Amino acid sequence: MQVRGVRPGIPSLAKIGTPRWMRASLLLLACVLTSGFAVRIQADVALIAHYALNVLSAIALAAFLKRHWWIRRDRVEKHGNAHLGRAMLGCMAALWVSGVALLIWTNETILRMVHVAASMALGLFLLWHAAWRWRTARSLHEPRVMPFAFAALMAGATGVGWWSTVAFKPVPQPYPSQTMPAGSALVAHATIKPGALPSATECATCHGDFGTQWRGSAHANALNDKYYAGLAGMFGQERGAEALRYCATCHNPIGLMEGEIDPRLAQTNQPGTNAYEVRGLGVNMSSSARAAEGVTCAMCHRAISANAVNGAMVVNSLEVVLPKGSQAQLALQAAPAAHRAELRPDVLQQADLCGACHNLRTPDGILLEPTFDEWRGSRYAREGITCQGCHMPQTIARKVDSALPGMVRAHGGQPGAPSSLSGVDGGSSLLTRAAALNISASTDIITVTVANTGTGHYLPSGADDLREVWLEVRALDASGAVLWQSGILDRYGALPPDAVRFGKVLGDTRGQPIALHRFWLATTILQDTRLAPDEARALKFRMPAGATRVVASLRYRDVSPAFAEVALNQKTNVPVRDIATRELEVSQ
């Protein structure tokens, strides 16, 4: 009698002395599959078992293949199910190769998909083989049937376990917007345990590329920015050191929440801290190394909700425990769903999160920096173009160190207003896309049209009484000599009074302009000549006789030389950047 699926002349496994290696291989493979899917439930424990079982199963399978296939490969290849055996071996190879690759690149989605697909295919092969052996066996108690039946049970348990972990495992969800659950706090009024929120250094242990990008950003330098320190010193001198809590909400949120912004506790030259002096009061507001990180990773990734005004952000202040050591990190990377849910809240994708700090009123209620409100009233908001869409564009980097490079959101390098300070990212790619110029001329009139073509808020925005954006126009004759000019800096680097400027002028109680960005004195806005989103403004100048060429430039610098000198306590050369330049040949 011929057994279905087996050609005559092929000896049974029992006769060639391989059942024990086959049983060991199949049982170990079933355990490998089970431990692999168990990683989703308890990664730190299951991974160790998974490693050991893989090594043991490889040894057992190698012995089995040598005895059953390599020595008798010519005869085995004639077996009726040889093609399915080769397919099973292919699944095993894919399983091990993708598994080894996942030790290095644990967060690669494609590798994960290959690994899971090979696991499921191998489990199905085991089930099929067990069913086939059951069908062709003469007795349930035949020795060669039992290992396959047990393997089938293990493979079935693996499938059920995998399905149940995906279908029923509870995954922590971010808090819904506008709620204040236990363990949360409004940044401006919070008191949290020191070290509850992770530092950027801890995050960069796994997210190295993001850490590198962030370190050169304005966010990372929010507290260490020397312009901020100088301004905070003036503010504290005129309003008292306690007033610095207003600034710290956005510039030093960790220090504020951990109780460092308290003049009663301030020390001079405290070891391991970075301090800035409140001028005239003899008080150094010391800050810990953790607080000196400024707007750190946790401030966005632990946010629960945000109200777009004066740092009104709610954060989850419950302590985050990050893994220490390579094995713990690998366990987290193998089952990252809970970590992602904890540190990728819904508000992270919303412009409101940015608006919390980029929508400011003065302590007396004057709308000082309404960048978020400007965006909210523009077509950019209506079209769904958020702050993150422009200021965090896609770039090539690794999400985590254990992943291959891919397209991710940039965490630095796209400032809207590049800083003139060294150590702070000076990229200007957004600035050069912010506006466009056009020139036309008649016999006696030059018309320069300036258009805000690239920003979803006013140009300039932010500290717009401090920013300097102006139009420089020159008319030249055929020899290149300047016949007339406007907006040319004087020998001290200052703008002449008649320059065409785009900015805001704050006024005090007497209606006088306020210099040096002393916003705490502002009671009114005397002038606002900024360009709204998509606004085009035509400016006319008289054409001098003999002019053959007109050159216009829209120029920018983040602070005036006068402010830089006061803030840095020394004379400094503030670089000027060109936003746009245009020339026109004039026919006579």
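Residues numbered from 1 in each chain as written. Predicted model: local features only at pLDDT ≥ 70, side-chain atom pairs only at ≥ 80, totals over all residues. Heavy atoms only, no water.

**A few points about the sheet that holds strand β17 (residues 536–542)**
Taking strand neighbours across the sheet as the criterion, the three strands line up as β10-β11-β17 in an open arrangement whose pairing is antiparallel. Single-partner strands in this sheet number two, and they are β10 (435–441) and β17. On average, each strand axis in the sheet is tilted by 20° relative to the strand beside it, whichever way the strands run. Where strand β11 (residues 445–452) lies against β17, seven bridges are found, and the strand directions are antiparallel. Along β17, the bridge assignment pairs Ala-451 with Ala-536. (Pairing = 2+ DSSP bridges. Helix = DSSP H or I, 4+ residues; strand = E, 2+ residues; numbered from the N terminus. Axes fitted to C-alpha atoms, helices over the stretch in contact; angles between N-to-C directions.)

**A look at a nonpolar patch on the surface**
Taken together, Val-100, Leu-103, Ile-104, Trp-105 and Leu-404 make up a surface patch of nonpolar side chains, about 460 Å² in accessible area. Checked against the element boundaries, Leu-404 lands in the loop between β8 (394–397) and β9 (406–409). (Patch = residues over 30% accessible without salt bridge, like charges linked within 9 Å, V, L, I, M, F, W, Y side chains within 5 Å. Areas by Shrake-Rupley, 256 points an atom, 1.4 Å probe, with all protein chains shown as cover. Salt bridge = Lys/Arg side-chain N within 4 Å of Asp/Glu carboxyl O.)

**With respect to the pairing of strand β5 (residues 312–316)**
Along any regular strand, the residues point their side chains to alternate faces of the sheet. Summarising burial for β5: five of the five residues are buried, a large majority. Here strand β4 (residues 303–307) runs beside β5; their pairing, made up of four bridges, is antiparallel. Across the sheet, Ala-303 pairs through a bridge with Val-315, a residue of β5. Between β4 and β5, which follow one another and run antiparallel, lie four residues, and Asn-310 among them has a positive phi close to 45°. (Buried < 20%, exposed > 50% of the residue type's maximum accessible area, 1.4 Å probe, protein only.)

**Regarding the pattern of salt bridges**
This structure, assessed with the given rule, holds 22 salt bridges. Between Glu-374 and Arg-530 there is a salt bridge, with the nearest N and O atoms lying 2.8 Å from each other. With Glu-374 in helix α17 (residues 371–376) and Arg-530 in the loop between β16 (524–528) and β17, the pair connects residues that are 156 residues apart, well separated along the chain. Judged by relative accessible area, Arg-530 falls into the buried class, the value being 4%. When salt bridges with common partners are traced through the structure, they connect Glu-374, Asp-464, Lys-504, Asp-528 and Arg-530 into a single cluster.

**Comments concerning the nonpolar core**
Residues Tyr-227, Leu-244, Tyr-276, Met-285, Phe-519 and Phe-563 are the most contacted members of the largest nonpolar core, which totals 33 residues. Once residues lying within four places of it in the same chain are set aside, the contact partners of Phe-519 are Leu-231, Phe-235, Tyr-246, Cys-247, Thr-362, Pro-363, Leu-368 and Leu-506. Ala-434, Ile-439, Val-469 and Val-550 belong to the second largest nonpolar core, which has 27 residues in total. (Core = buried A, V, L, I, M, F, W, Y, C linked by side-chain atoms within 4.5 Å. Contact = heavy atoms within 4.5 Å.)

**Here's the deal with the packing of helix α10 (residues 226–239) against helix α11 (residues 244–251)**
Interhelical geometry of α10 versus α11 gives an angle of 155° and a closest axis separation of 10 Å. In terms of orientation, α10 and α11 fall into the roughly antiparallel class. Across from Tyr-228, Ala-232, Phe-235 and Gly-236 in α10, the residues of α11 making contact are Leu-244, Tyr-246, Cys-247, Ala-248 and His-251. Of the residues contributing to the contact of α10 with α11, the split by class is seven nonpolar, two polar and no charged. (Parallel < 35°, antiparallel > 145°, perpendicular 65-115°, else oblique. Nonpolar A, V, L, I, M, F, W, Y, C, P; charged D, E, K, R; others polar.)

**Quick notes on the state of the cysteines**
By definition, a disulfide links the sulfur atoms of two cysteines through a covalent bond. If you walk through the whole model with that rule in mind, you get one disulfide. Residue Cys-250 pairs covalently with Cys-357 via a disulfide, S to S 2.4 Å. Note on the Cys-250 and Cys-357 pair: the S-S dihedral is about -100°, so by sign convention the disulfide is left-handed. Of this pair, Cys-250 sits in helix α11 while Cys-357 sits in the loop between α16 (351–355) and β6 (360–361); the two residues are 107 residues apart in sequence, bridging distant segments of the chain. Classification of Cys-250 by relative accessible area gives buried; the value is 12%. For Cys-357, a relative accessible area of 22% corresponds to the partly exposed category. (Disulfide = S-S within 2.5 Å.)

**Digging into the packing of aromatic side chains**
As enumerated under the stated definition, the model contains eight aromatic pairs in all. Centroid distance Phe-235 to Phe-519: 5.3 Å. Interplanar angle 55°. Geometry classified as tilted. Highlighted residues: Phe-235 in helix α10 and Phe-519 in the loop between β15 (504–507) and β16, separated in sequence by 284 residues. Per residue, the accessibility class of Phe-235 equals that of Phe-519, and both read buried. These aromatic residues form a ring-pair network of at least three members: Phe-235, Tyr-246, Phe-519 and Trp-520. Above the ring of Tyr-380, the side-chain terminus of Arg-379 is found at 4.4 Å from the ring centroid. (Phe/Tyr/Trp six-rings, centres within 6.5 Å; stacked < 30°, edge-to-face > 60°. Lys NZ or Arg CZ within 6 Å of the ring centre and 35° of its normal.)

**Remarks on unusual backbone geometry**
For residues besides glycine, phi is generally negative; the peptide bonds are generally trans as well. Of note, the bond from Leu-459 into Pro-460 is cis; its omega dihedral lies within 30 degrees of zero at -5°. With respect to the secondary-structure elements, Pro-460 resides in the loop between β11 and β12 (468–476). Unusually for a residue other than glycine, Asn-310 sits at a positive phi of about 45°. Mapping Asn-310 onto the fold places it in the loop between β4 and β5. The phi torsion at Asn-569 lies on the positive side, around 60°, for a residue other than glycine. Considering the arrangement of structural elements, one finds Asn-569 in the loop between α20 (561–568) and β19 (577–585).

**Section: the packing of α10 against α20**
Helix-helix packing: each pair is described by the crossing angle between the helix axes and the interaxial distance. Between α10 and α20, the shortest axis-to-axis distance is 8 Å and the interhelical angle comes to 75°. Judged by the angle between their axes, α10 and α20 are roughly perpendicular. Across the interface between the two elements, Lys-226, Tyr-227, Gly-230, Leu-231 and Met-234 of α10 pack against Phe-563, Ala-564, Val-566, Ala-567 and Leu-568 of α20. Here the contact of α10 with α20 is built from residues that sort into eight nonpolar, one polar and one charged.

**Let's talk about helix α9 (residues 208–215)**
For α9, the set of buried residues is Gly-208, Phe-210, Gly-211, Gln-213 and Trp-214. In this fold, the buried residues of α9 make contact with α8 (200–204), β8 and β9.

**As for the environment of Ala-298**
Checked against the element boundaries, Ala-298 lands in helix α13 (residues 297–301). With 45 residues separating them in the primary sequence, Ala-298 and Leu-343 have C-alpha atoms 8.1 Å apart.

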